[in-house]
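Structural characterization, general
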Amino acid sequence: MPDDMAKSTQNKIVVSGFRHVFETDDGPVQATDRVDLSIRAGEFVTLVGPSGCGKTTLLKALAGFIRPTEGSILCDGATVLGPGRDRGVVFQELAILPWRTVRRNIGHGLEIARVPRAAREATVGRLIELTGLAGFEERYPHELSGGMRQRVAVARTWAADPDVILMDEPFAAVDAMTRLTLQEELVRLCGATGKTVFFITHSVDEAVFLADRVLVMTRRPGRIKAAIDVPGRAAGRDWESFKIDSAMQAIVEQVLRLVREERGATAPAASAAVTK
Amino acid sequence: MSNAAMEGSPARRSAARRWTAPLVWRLLPLTPFTLILAAWVAYWAIAQPSAETLPAVQDVAGAMWDLAVKGELAVHVLASLLRLLLGVALGVTTGVIGGFIVGLNRPIAEFLNPLIVFFNAISGIVWLPLVIGWLGIGTALAVFLIWNTVFFIVFQNTVLGVQLVPKVYEQGVEALGGGRWETIRSVILPGASPYILTGLRSGLGFGWRALIAAELVGATTGLGQMIFGATEYHRSDIIIGGCLIIGLIAIAMDRWLLLPIEQRTVRRWGLAFDARSEE
Ligand SMILES: Nc1ncnc2c1ncn2[C@@H]1O[C@H](COP(=O)(O)OP(=O)(O)O)[C@@H](O)[C@H]1O
Ligand SMILES: [Mg+2]
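Residues numbered from 1 in each chain as written. Chains lettered and ligands numbered in written order. Predicted model: local features only at pLDDT ≥ 70, side-chain atom pairs only at ≥ 80, totals over all residues. Heavy atoms only, no water.

1. Overview of the side chain of A:Lys12
Residues and elements named next belong to chain A. Basically, it comes down to this: The secondary structure listing takes helices from DSSP runs of H or I that are at least 4 residues long and strands from runs of E that are at least 2 residues long, numbered from the N terminus. By the criterion applied in these results, polar contacts are pairs of N or O atoms within 3.5 Å in which, for protein atoms, one can donate a hydrogen and the other can accept it, and in which residues neighboring in sequence qualify only through two side-chain atoms. Whether two residues touch is decided by their heavy atoms; if any such pair falls within 4.5 Å, the residues are in contact.
Its location among the elements puts Lys-12 in strand S1 (residues 11–24). For Lys-12, the side chain forms a polar contact with the side chain of Asp-163, separated by 3.1 Å. With sequence-adjacent residues up to four places away left out, Lys-12 is seen in contact with Ile-39, Arg-40, Ala-41, Leu-74, Cys-75, Asp-76, Asp-163, Val-164 and Thr-196.

Take a look at the structure:
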């Protein structure tokens, strides 16, 4: 990896002036208002913002499921025109398939890419080990706990080996203890693979813990109102030392303040229109 | 305290149910049949109706035995089964394919909707006089009438099933690099299968009805013809016996054809419509 340094200064994703308006039966709903951001290759960027501010909309546009009403979205310098295997997605709803076993869910991307069976099984086996799913390979999702389903969703996206991974509040639905474990696992997984990650959350702690950089969004229609660098991800992170690291806690405080400003002064018109 | 008790009781109840399942649950569905049989025997013993209005249980059994020994019963059953399976197979195949085409394409759905409503409304026995002219009497006629019934049921269930598959499953596969064909194969088809199987189940039931209706007038063999022929000689024992055989074959098909399919698919995946109570 001699060109890691050069790569890390390169922009993987560039969003400029992304504005999106949903046409609904009750008229247009503007989800985002001129979002500008760029993500460097290998960077872990988290996004926090009040519920309904357009986070998922932005992620779906990066994934290629939504065409911007205005503005542009570039990945590796090319306009995003649709979903593709270079950009993996872990959905808020997980979206792992109930009719596939753990093994076949995780191997699905490789199956689609026509990776030979032996190589596929090797990758799947490694990810099953890494995510602590050993022994559950032949189970179906409905037989798993929420935390395990979560791991399957992450492993499935990881196995396809995309350059960019987009994650939409992936840990929101699991219990607090499991969440801490999953977050530490994610830090380790990312450290090992050097992926570019865009991660949405509504937890400020989580945002700071995972990130190289935290983005804060305004309330709907969302814009990026601040970007805060968080140093030292490369050295690895765990919750125990994170909680007593005063530099880290200062960043948490700072982000918390930025987020609170958006929650506090919600205009009546805006709050009435937020439905999701 | 009360919390712990509440958590404990469902677990204990389900454990108890698992233990008694092989015995009670397998025999329980026989109770209503036993009751009907008992009522029949009792009514016959008390009221002694004429054989034309209601035959005795032993007369029905005897009549069926006679037909079986003569080999006639097998001929009727096989003729009916052949027609039923042909008609149902055709109806299911066309219904699923049509349901996919319409379920996946909103413009096509809107284009075809009036046509489907139109023909669905006049499906059934109305076709009989016309179709006898086209196809003559016999297997083709029955197969057409069964197809005409099964198709609409399977078709409408498939359309619904296809449209109800959560969009995010498709997006998940697209983000893994899957194209249209891959999403249809690995998302829509299994995702719609609970509805397709429901369609198949009701399709089979209504297929029997269409079959017997077709055979009453449009065939020389088959269970419908056996029953219809018996009415001319006032043989109520054969009529009732024929109905019993139809019902028993229907139950057998449900148990040994549909249930195994369900157990390997929607039940295995936790998608069976009655799976909620198990959670
Ligand atoms: N498909 C859609 N159609 C109409 N409005 C939508 C749709 N998706 C999202 N919205 C609206 O856009 C706004 C932003 O939604 P979203 O991006 O999901 O917010 P977040 O993920 O930040 O909670 C919300 O007001 C939501 O109701
Ligand atoms: Mg969201």
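2. Some points on the state of the cysteines
This is how it is decided: A pair of sulfur atoms, both from cysteines and within 2.5 Å, is called a disulfide here.
Tallied over the full model, the rule gives zero disulfides over all chains. Between A:Cys190, a free cysteine, and A:Cys75, which holds the nearest cysteine sulfur, the sulfur-to-sulfur gap is 16 Å.

3. Things to note about the interface of chain A and chain B
Interface size is commonly expressed as the accessible area that is lost once the parts come together. As a reminder of what qualifies: In short, buried area is how much 1.4 Å probe accessible area vanishes from two parts on joining, totalled over both. Throughout this description, the term salt bridge denotes a Lys or Arg side-chain nitrogen within 4 Å of a carboxyl oxygen of Asp or Glu.
Contact residues are listed per partner, giving 27 residues for chain A and 22 residues for chain B. Both faces combined, the contact of chain A with chain B buries some 2,000 Å², and carbon together with sulfur accounts for 65% of it. Three residues, A:Trp99, A:Ile112 and A:His142, lead the burial of chain A against chain B; their summed loss comes to 33% of the area buried on that side. Summed over the shared surface of chain A and chain B, the number is two salt bridges. Counting the contacts that link chain A with chain B gives five residue pairs in polar contact (both at pLDDT 80 or more).

4. Quick look at the sheet that holds strand S10 (residues 224–229) of chain A
All names here are of chain A. Put simply, the test is: A pair of strands counts as paired when DSSP detects no fewer than two bridges linking them. Structural elements are reduced to axes, namely lines fitted to C-alpha atoms, with helices fitted over the stretch in contact, and the angle between N-to-C directions of any two is expressed from 0 to 180 degrees.
Read across the sheet, six strands follow the order S6-S7-S8-S3-S9-S10 without closing on themselves; strand pairing throughout is mixed. At either end of the open sheet lies a strand with only one pairing partner, and these are strand S6 (87–90) and S10. Within the sheet, the average angular offset between the axes of one strand and its neighbour, ignoring direction, is 15°. Summarising the sheet, strand S7 (residues 164–168) and strand S8 (residues 196–200) pair through five bridges and their orientation is parallel. Bridged to Met-167 within S8 is Phe-199.

5. Structural notes on helix H6 (residues 146–159) of chain A
Residue and element names in this part refer to chain A. Which entries qualify depends on this criterion: For a helix, the expected span equals 1.5 Å multiplied by the residue count minus one. Exposed residues in this analysis have more than 50% of their type's maximum accessible area, buried residues have under 20%, and partly exposed residues fall in between, with area computed by a 1.4 Å probe over protein chains only.
Spanning 14 residues, H6 covers 20 Å between terminal C-alpha atoms, matching the ideal 20 Å at 1.5 Å per step. With twelve of its 14 residues buried, H6 lies for the most part within the structure. Those residues of H6 that fall on the buried side of the exposure criterion are Gly-147, Met-148, Gln-150, Arg-151, Val-152, Ala-153, Val-154, Ala-155, Arg-156, Thr-157, Trp-158 and Ala-159. Once H6 ends, the next one or two residues include Asp-161, with phi positive near 55°.

6. A short note on the sheet that holds strand S2 (residues 27–40) of chain A
All names here are of chain A. With antiparallel pairing, the four strands of this open sheet are ordered in space as S2-S1-S4-S5. The open sheet has two edge strands, S2 and strand S5 (78–79), and neither has a second partner. For S1 and S2, the ladder comprises ten bridges, and the chain directions are antiparallel. When the bridges of S2 are listed, Ile-13 appears paired with Ile-39. Across the sheet, helix H2 (residues 55–63) touches S1, S2 and strand S4 (70–75), and the angle it forms with S1 is around 120°.

7. Thoughts on unusual backbone geometry
Keep in mind that most residues, glycine aside, have a negative phi and that most peptide bonds are trans. Residues and elements named next belong to chain A. Cis peptide bonds are those with omega within 30 degrees of zero, and the linkage from Arg-220 to Pro-221 qualifies with -10°. Examined against the element boundaries, Pro-221 turns out to sit in the loop between strand S9 (213–217) and S10. Not every positive phi belongs to a glycine, and Leu-94 is a case in point at roughly 70°.

8. Describing a nonpolar patch on the surface
Residues and elements named next belong to chain B. Threshold: Patch rule: a residue counts if its relative accessible area is over 30% and it has no salt bridge; like charges are joined within 9 Å, and nonpolar side chains (Val, Leu, Ile, Met, Phe, Trp, Tyr) within 5 Å. With residues, only the protein chains shown are counted as cover, and all accessible areas are computed by Shrake-Rupley using a 1.4 Å probe.
There is a patch of nonpolar side chains on the surface, built from Leu-27, Leu-30, Phe-33, Leu-244, Leu-248 and Ile-251 and spanning about 600 Å² of accessible area. For the nonpolar patch, the secondary-structure elements that each account for two or more residues are helix H2 (30–47) and helix H11 (236–264). For the nonpolar patch, the leading source of residues is H11, giving three residues. Mapped onto the elements, Leu-244 comes out in helix H11.

9. So, the site of ligand 1
All names here are of chain A. Applicable threshold: Residues are labelled near a given molecule or strand when at least one of their non-hydrogen atoms is within 4 Å of it. Under this grouping Gly is polar, as are all residues other than the nonpolar Ala, Val, Leu, Ile, Met, Phe, Trp, Tyr, Cys and Pro and the charged Asp, Glu, Lys and Arg.
Taken together, the neighbourhood of ligand 1 is formed by 13 residues, with Gly-52, Gly-54, Lys-55, Thr-56 and Thr-57 sitting nearest. Contact distances for ligand 1 include 2.7 Å between an oxygen atom and a backbone N or O atom of Gly-52. Cys-53 places a main-chain nitrogen or oxygen 3.2 Å from an oxygen atom of ligand 1. For ligand 1, whose unbound accessible area comes to 560 Å², protein coverage reaches 79%. Contributions of two or more residues to the shell around ligand 1 are made by S1 and H2. The greatest single-element share of the shell around ligand 1, amounting to three residues, is contributed by H2. Among the residues making up the shell around ligand 1, the classes are represented as three nonpolar, seven polar and three charged.

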